[in-house]
Amino acid sequence: MEALLFDRHEGVATLTLNRPQARNAIDMTLRQELGEAVLAVRDDPAVHALVITGAGGSFCAGGDLRSIQAGTPDVEAWRGRMRSSHAWFAQLLAMDKPVVCAVDGPAYGAGFGLALAGDFVLASTRARFCLSFMRVGLVPDFGIFYTLPRVVGVQRARELMLSAREVDADEALRLGIAMERLAPEALLPRAQALAAAPQGDLAAMLDIEANAQALCFMTDAHRDAVARFLNKQTPAFQWPAQPGEHS
């Protein structure tokens, strides 16, 4: 691959956007290689988690404006170009393997959307998020209309889209865009460690749930708790109140 590094290690695939001279902006080559890599990860039973990051102190500066400027002026061609990206991006959003995005430096435009595709988003202290589309007369893409309101709420999502302002790592943490803020040198190791953590699939988790719940149904503690509830008695279990807190 020309613009993407693809590494597999002990069940974790790491995709590194590798156009540091352009702050990893997405041109047609990187767009195509991302699509191929996402489908390869999806279909590889030996890979159980995915890490997405960027080279050279940047995550992704968004769409490559030179590539966009050189594109066709035909509306249907642009729609087809977007839909070709949607084909693989939808697979990334629906990935049944954990996706960890490690954001260092700028995550602008489509780069912000790519980061939001992660189940877990880790940000370095120098991470910067920006929906920069309004600055160049475009609307958000890469799934942002779907993902961002689910993370920050509709009103805040609207403000971030319309203002095209920059969000630093501290605010990203407060808004829930990022789960953790780390030193740049700790970012990728933490992301790969998180991706390597054991993950149970749905069938296994439901089986564990059924076994544990069946045992609980047979305990005296459960029967006593139900009897107390039905008889309007005080529950035996009470969460400890904080000092100064009134019940």
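Now for a quick tour of the structure. (Residues numbered from 1 in each chain as written. Predicted model: local features only at pLDDT ≥ 70, side-chain atom pairs only at ≥ 80, totals over all residues. Heavy atoms only, no water.)

Points about the environment of Arg 19
Right, so step 1: Among the structural elements, Arg 19 can be located in the loop between strand E2 (12-17) and helix H1 (28-43).
Right, so step 2: Note: C-alpha distance between Arg 19 and Asp 220 (201 residues apart in sequence) is 62 Å.
Right, so step 3: Of the polar contacts made by the side chain of Arg 19, one reaches the backbone oxygen of Ala 25; its length is 2.7 Å. (Helix = DSSP H or I, 4+ residues; strand = E, 2+ residues; numbered from the N terminus. Polar contact = N/O pair within 3.5 Å; in protein donor to acceptor, adjacent residues only side chain to side chain.)

Looking at H1
Right, so step 1: Counted at 1.5 Å a residue, the expected span for H1 with its 16 residues is 22 Å, and the 23 Å between its end C-alpha atoms agrees.
Right, so step 2: Taken residue by residue, H1 has Leu 30, Arg 31, Glu 33, Leu 34, Gly 35, Ala 37, Val 38 and Val 41 as its buried positions.
Right, so step 3: Buried residues along H1 sit against strand E1 (4-9), E2, strand E3 (49-54) and helix H3 (75-93).
Right, so step 4: At the N-terminal boundary of H1, the capping side chain belongs to Asp 27, with an oxygen 3.3 Å from the backbone nitrogen of Thr 29. (Expected span 1.5 Å × (residues − 1). Buried < 20%, exposed > 50% of the residue type's maximum accessible area, 1.4 Å probe, protein only. Contact = heavy atoms within 4.5 Å.)

Here's the deal with the sheet that holds strand E7 (residues 128-130)
Right, so step 1: With mixed pairing, three strands are arranged side by side in an open sheet as E5-E7-E8. The open sheet has two edge strands with one neighbour each: strand E5 (106-108) and strand E8 (166-168). Taken pair by pair, the neighbouring strands of this sheet meet at an average axis angle of 20°, ignoring direction. (Pairing = 2+ DSSP bridges. Axes fitted to C-alpha atoms, helices over the stretch in contact; angles between N-to-C directions.)

Description of the pattern of salt bridges
Right, so step 1: For the structure shown, the criterion picks out 14 salt bridges.
Right, so step 2: Taking the shortest distance from any N to any O, the salt bridge between Arg 8 and Asp 44 comes out at 3.3 Å. Linking Arg 8 in strand E1 with Asp 44 in the loop between H1 and E3, this pair joins segments that are 36 residues apart in sequence.
Right, so step 3: According to the relative accessible area criterion, Arg 8 is partly exposed, its value standing at 48%.
Right, so step 4: Given a relative accessible area of 18%, Asp 44 falls into the buried group.
Right, so step 5: Between Arg 42 and Asp 43 there is a salt bridge, with the nearest N and O atoms lying 2.7 Å from each other.
Right, so step 6: Among the residues examined, Arg 42 registers a relative accessible area of 32% and is labelled partly exposed.
Right, so step 7: Each member of the salt-bridge network shares a partner with another, and the members are Arg 156, Glu 159, Arg 165 and Glu 171. (Salt bridge = Lys/Arg side-chain N within 4 Å of Asp/Glu carboxyl O.)

Quick notes on the pairing of E3
Right, so step 1: In terms of burial, E3 is largely enclosed, as six of its six residues are buried.
Right, so step 2: Burial along E3 is two-sided: Ala 49, Val 51 and Thr 53 and Leu 50, Ile 52 and Gly 54, pointing in opposite directions, are all buried.
Right, so step 3: Bridge analysis of E2 against E3 gives six bridges, and the strand direction is parallel. Among the inter-strand pairings, Ala 13 is bridged to a residue of E3, identified as Leu 50.

Some points on the environment of Asp 224
Right, so step 1: Note that Asp 224 resides in helix H10 (residues 220-230).
Right, so step 2: Expressed as a C-alpha distance, the spacing of Asp 224 and Pro 235, which sit eleven residues apart in the sequence, is 9.0 Å.

Focus on the nonpolar core
Soluble, globular proteins show a tendency: their nonpolar side chains are buried together.
Right, so step 1: Leu 50, Ile 52, Phe 59, Leu 92, Phe 129 and Leu 148 are the most contacted members of the largest nonpolar core, which totals 48 residues.
Right, so step 2: The contact partners of Leu 50, leaving out residues within four places of it in the chain, are Ala 13, Leu 15, Val 41, Leu 92, Met 95, Pro 98, Val 99 and Val 100.
Right, so step 3: One finds Ala 102, Leu 122, Leu 182 and Ala 195 within the second-largest nonpolar core, a separate group that totals eleven residues. (Core = buried A, V, L, I, M, F, W, Y, C linked by side-chain atoms within 4.5 Å.)

Comments concerning the sheet that holds strand E4 (residues 99-103)
Right, so step 1: Pairing is mixed in the open sheet, where six strands are placed in the order E1-E2-E3-E4-E6-E9. Of all strands in the sheet, those bounded by a partner on one side alone are E1 and strand E9 (180-182). Sheet twist, expressed as the mean angle between neighbouring strand axes with direction ignored, is 20°.
Right, so step 2: Of the pairings in the sheet, the one linking E4 to strand E6 (residues 120-124) comprises four bridges and is parallel in character. Of the residues in E6, the one forming a bridge with Ala 102 is Leu 122.
Right, so step 3: Set on the sheet, H1 makes contact with E1, E2 and E3; between it and E1 the angle comes to about 15°.
Right, so step 4: Docked against the sheet, helix H8 (residues 184-196) engages E2, E3, E4, E6 and E9, running at close to 165° with respect to E6.

Keep in mind these values describe shape, not function.
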